[in-house]
Amino acid sequence: ISGTTALTINGGLGTDVVEFTGDYLVPGSNLTVNAESIKVGTGITVNVGTGNLTFNATSTDDGIDALGVDTTLLGDGASIELDGATLIGNTIDLEATSGNAVTTVDGLLLFP
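Not measured: the values here are computed from a predicted model. (Residues numbered from 1 in each chain as written. Predicted model: local features only at pLDDT ≥ 70, side-chain atom pairs only at ≥ 80, totals over all residues. Heavy atoms only, no water.)

(A) The arrangement of the overall build of the protein in detail. Check the secondary structure of the protein and you find 0 helices and 14 strands. In the protein, the succession of helices and strands from N to C terminus is β-β-β-β-β-β-β-β-β-β-β-β-β-β. Looking at the protein as a whole, 25% of its 112 residues qualify as buried. Taking as baseline every contact in the protein between residues at least 6 positions apart, the subset at least 24 positions apart corresponds to 44%. With the model as given, the accessible surface of the protein reaches about 6,700 Å², and the carbon-plus-sulfur share is 53%. (Helix = DSSP H or I, 4+ residues; strand = E, 2+ residues; numbered from the N terminus. Buried < 20%, exposed > 50% of the residue type's maximum accessible area, 1.4 Å probe, protein only. Contact = heavy atoms within 4.5 Å. Areas by Shrake-Rupley, 256 points an atom, 1.4 Å probe, with all protein chains shown as cover.)

Okay, here's the thing in structure tokens:
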């Protein structure tokens, strides 16, 4: 991926996991990862040199019921795992957020 100046990895619908199992060495580039779960394996290096590194782990419950039980009760989770990993970059931004979607029932707006 020589000559790459920016790479964005976007997870799709459902629960996505982006896992780095080998080194990512692209100095001078920007790397953005958007998924519910992001993992950089033990001993793995993510090196963007003077570029920026952004990991956004976000999980939002959709408010859908499964067999009469709202999936909110089953738990939501967003995670960034960096156990023994090395991150190198100009700016490193790691954000993990988890929340619930607003649900409307019979015209009433319910807040999570």
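On we go from here.
(B) Structural view of the side chain of Asn 47. Residue position: Asn 47 is located in strand E6 (residues 45–47). Once you skip the residues sitting within four places of it in the chain, Asn 47 turns out to touch Tyr 24, Leu 25, Val 26, Pro 27 and Ile 88.

(C) The nonpolar core, seen in detail. Counting residues in each nonpolar core, the largest one holds 15 residues, and the members touching the most others are Phe 20, Tyr 24, Leu 31, Val 33, Val 46 and Phe 55. Not counting chain neighbours up to four residues away, the residues in contact with Leu 31 comprise Leu 7, Phe 20, Tyr 24, Val 46, Val 48, Asn 52, Leu 53, Thr 54 and Phe 55. (Core = buried A, V, L, I, M, F, W, Y, C linked by side-chain atoms within 4.5 Å.)

(D) Molecular detail of the sheet that holds strand E10 (residues 79–81). If you trace the 3 strands from one edge of the open sheet to the other, you get E2-E5-E10, paired in parallel fashion. Single-partner strands in this sheet number two, and they are strand E2 (17–20) and E10. Each strand axis lies, on average, 5° off the axis of its neighbour in the sheet, ignoring direction. Two strands pair when backbone bridges link them, and E2 and strand E5 (residues 37–40) are joined in this way by 4 bridges, in the parallel orientation. (Pairing = 2+ DSSP bridges. Axes fitted to C-alpha atoms, helices over the stretch in contact; angles between N-to-C directions.)

(E) Main features of the sheet that holds strand E11 (residues 86–88). The parallel open sheet is built from 3 strands, whose spatial order is E3-E6-E11. The open sheet is flanked by strand E3 (24–25) and E11, the only strands paired with a single partner. Here 2 bridges tie E3 to E6, and the two strands are oriented parallel to one another. For Tyr 24, the partnering residue across the bridge sits in E6 and is Val 46.

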